[in-house]
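Listed below, chain by chain, are the residues.
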Amino acid sequence: MRVDVLGVGFDNLTMAEAVEQGMKLIAEEGCHYVVTPNPEIVEVCRENPTANEAVNGADLVLPDGVGVVKGARILGTPLKEKTPGIEFAAHLMERMAAEGKSLYLLGAKPGIAELAAGKLKETYPGLVIAGTHDGYFKEDEPVVEEIANSGADVVFVCLGAPKQELWMKRYGPSTGAHLLCGLGGSLDVFAGVVQRAPAVWSRMGLEWFYRLLKEPRRIGRMMKLPLFLVHVYGQKGKKKG
Ligand code: UDP
């Protein structure tokens, strides 16, 4: 049973359980995908039925940050913990390296995915990088074909939301991969061109604020955060009434 937060159903898992589940999906037949919505994306899903369908249609829906976890708690249906996409990805790569699984990196500006590939191979010896492609392509089919030819077990799809969710739903099965993960700006972090907030900010639940200070142009998108809280309290009121 998923935990509903404003129309998006989240899987209630610890990080360890989520990674276990991810490894199971890699081993299974067929194509699966993982999404990690934050409050911004939940708000997008409220307005955009196609995005909503792509997000809720995922095999794993993980709460990316503290906002969704707080929302679930306010609604009286708490989630075990936040499971940020980038941390989920890191744990998954560790396990993939141990099992010799291969990974394709798709997204970010030209050159970034290659840079990330080099760093990831150093961090996770044994991890096979099947290929890379930037996220600013015009036609989808050649990219899908390249991934299929690479034989990748897993694809990290980092095109920003909700583009990556729509892309995974539509093209995932044609890539031949068993698991695709929508991970937003993670390749920029893996490549070392963007820094994550220091742990102390994250522990205080202020990672979003650190990010805003670093990238003030995000303010427009982040205005969705107060809106998210307004909607959460609205839904709570309805539940009571
Ligand atoms: N991006 C991309 N193709 C696009 C639009 C964006 O590859 O058409 C990349 C962008 O370069 C960045 C990532 O997608 O690396 C989105 O980052 P952002 O921080 O906006 O993602 P979020 O995690 O907030 O959705």
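Remember, predicted model here, so these are calculated numbers, not experimental data.

### Some remarks on the overall build of the protein
Consideration 1: The helix and strand inventory of the protein stands at 13 helices and eight strands.
Consideration 2: In terms of overall size, the protein behaves like a compact globule, its C-alpha atoms giving a radius of gyration of 17 Å where 241 residues would be expected to give roughly 18 Å.
Consideration 3: With the C-alpha coordinates of the protein rotated into their principal frame, the extents come out at 55 × 35 × 35 Å.
Consideration 4: With 241 residues in all, the protein has 46% of them scored as buried.
Consideration 5: Within the protein, residue pairs in contact and separated by at least 24 positions form 77% of the contacts whose partners lie at least 6 positions apart.

### Comments concerning the packing of aromatic side chains
Consideration 1: Under the definition given, this model contains five aromatic pairs.
Consideration 2: Here the aromatic rings of Trp 201 and Phe 209 are separated by 6.3 Å at their centres, their planes lie at 25°, and the arrangement is stacked.
Consideration 3: Judged by its relative accessible area of 33%, Phe 209 is partly exposed.
Consideration 4: Between Trp 201 and Tyr 210, the ring centres sit 5.2 Å apart and the planes meet at 70°, which makes this aromatic pair edge-to-face.

### Examining the site of the ligand
Consideration 1: Around the ligand, 16 residues are found, and the nearest of them are Gly 135, Tyr 136, Lys 163, Asp 188 and Arg 211.
Consideration 2: One of the backbone N or O atoms of Gly 185 is found 3.3 Å from an oxygen atom in the ligand.
Consideration 3: At a separation of 2.8 Å, an oxygen atom of the ligand approaches a polar side-chain atom of Arg 218.
Consideration 4: Calculation on the ligand without its partners gives an accessible area of 550 Å², and the protein chains cover 79% of this total.
Consideration 5: Residue composition of the shell around the ligand, grouped by class: five nonpolar, five polar and six charged.

### Observations concerning the pairing of strand β7 (residues 154-158)
Consideration 1: Among the five residues of β7, five are classified as buried, and the element is accordingly described as predominantly covered.
Consideration 2: Here β7 shows a buried face lined by Val 154, Phe 156 and Cys 158 and a second buried face lined by Val 155 and Val 157.
Consideration 3: In this sheet, strand β8 (residues 179-182) lies alongside β7 in parallel orientation, the contact comprising four bridges. Among the inter-strand pairings, Val 157 is bridged to a residue of β8, identified as Gly 182.

### Quick notes on helix α5 (residues 85-99)
Consideration 1: Its 15 residues place the ends of α5 21 Å apart at the C-alpha level, agreeing with the 21 Å of an ideal helix rising 1.5 Å per residue.
Consideration 2: Among the residues of α5, those classed as buried are Gly 85, Ile 86, Phe 88, Ala 89, Leu 92, Met 93, Met 96 and Ala 97. Down the axis of α5, the sector holding all buried residues measures 165°, keeping them to one side. Exposed positions of α5 whose direction lies more than 90 degrees from the buried face are Glu 94 and Ala 98.
Consideration 3: After α5 finishes, the residue Gly 100 shows a positive phi value of roughly 70°.

### Digging into the sheet that holds strand β5 (residues 102-107)
Remark on secondary structure: sheet strands pair via backbone hydrogen bonds, oriented parallel or antiparallel.
Consideration 1: Taking strand neighbours across the sheet as the criterion, the six strands line up as β4-β3-β8-β7-β5-β6 in an open arrangement whose pairing is parallel. In the strand order of this sheet, the two ends are held by β4 (60-61) and β6 (128-133), each with one partner.
Consideration 2: Of the strands in this sheet, β3 (32-35), β5, β7 and β8 are in contact with helix α8 (residues 163-175), which crosses β8 at around 165°.

Scoring rules and cut-offs
Throughout this description, residue numbers start from 1 for each chain and increase along the sequence as written. Reporting in this predicted model follows two pLDDT cut-offs: at least 70 for local features of residues, and 80 or more for side-chain atom pairs to be given and counted; totals over whole chains, interfaces and linings ignore these cut-offs and use all residues. By convention in this description, side-chain values take in all heavy atoms of the structure and omit both hydrogens and water. A run of H or I in DSSP counts as a helix once it spans at least four residues, and a run of E counts as a strand once it spans at least two, with each numbered from the N terminus. Here the globule rule reads 2.2 Å times residues to the power 0.38, and the radius of gyration is calculated from C-alpha atoms. Partly exposed residues are those whose accessible area sits between 20% and 50% of the maximum for their type, while under 20% is buried and over 50% is exposed, using a 1.4 Å probe and protein chains only. What makes two residues a contact is simply this: any of their non-hydrogen atoms within 4.5 Å. To pair, rings of Phe, Tyr and Trp, with the six-membered ring standing in for Trp, must have centres within 6.5 Å; the planes then decide the type, stacked if under 30 degrees apart, edge-to-face if over 60, and tilted in the middle. Near is defined per residue: the residue qualifies when any heavy atom it owns lies within 4 Å of the molecule or strand. Identification of polar contacts relies on pairs of N or O atoms within 3.5 Å, with a donor-acceptor requirement for protein atoms, meaning one able to donate a hydrogen and the other able to accept it, and with residues adjacent in sequence counted only if both atoms are side-chain atoms. Computed by Shrake-Rupley with a 1.4 Å probe, the accessible areas treat only the displayed protein chains as cover when residues are assessed. For this scheme, ten residues count as nonpolar: Ala, Val, Leu, Ile, Met, Phe, Trp, Tyr, Cys and Pro. Four count as charged, namely Asp, Glu, Lys and Arg, and the remainder, Gly too, count as polar. What makes two strands pair is DSSP finding at least two bridges between them. Expected span, for any helix, means 1.5 Å times one less than how many residues it has. Throughout, the arc means that of the directions going from the helix axis to the C-beta atoms. Throughout, an axis means a line fitted to C-alpha atoms (over the contacting stretch in the case of helices), and angles, computed between N-to-C directions, take values from 0 to 180 degrees.

None of the figures reported here should be taken as evidence of function without further support.
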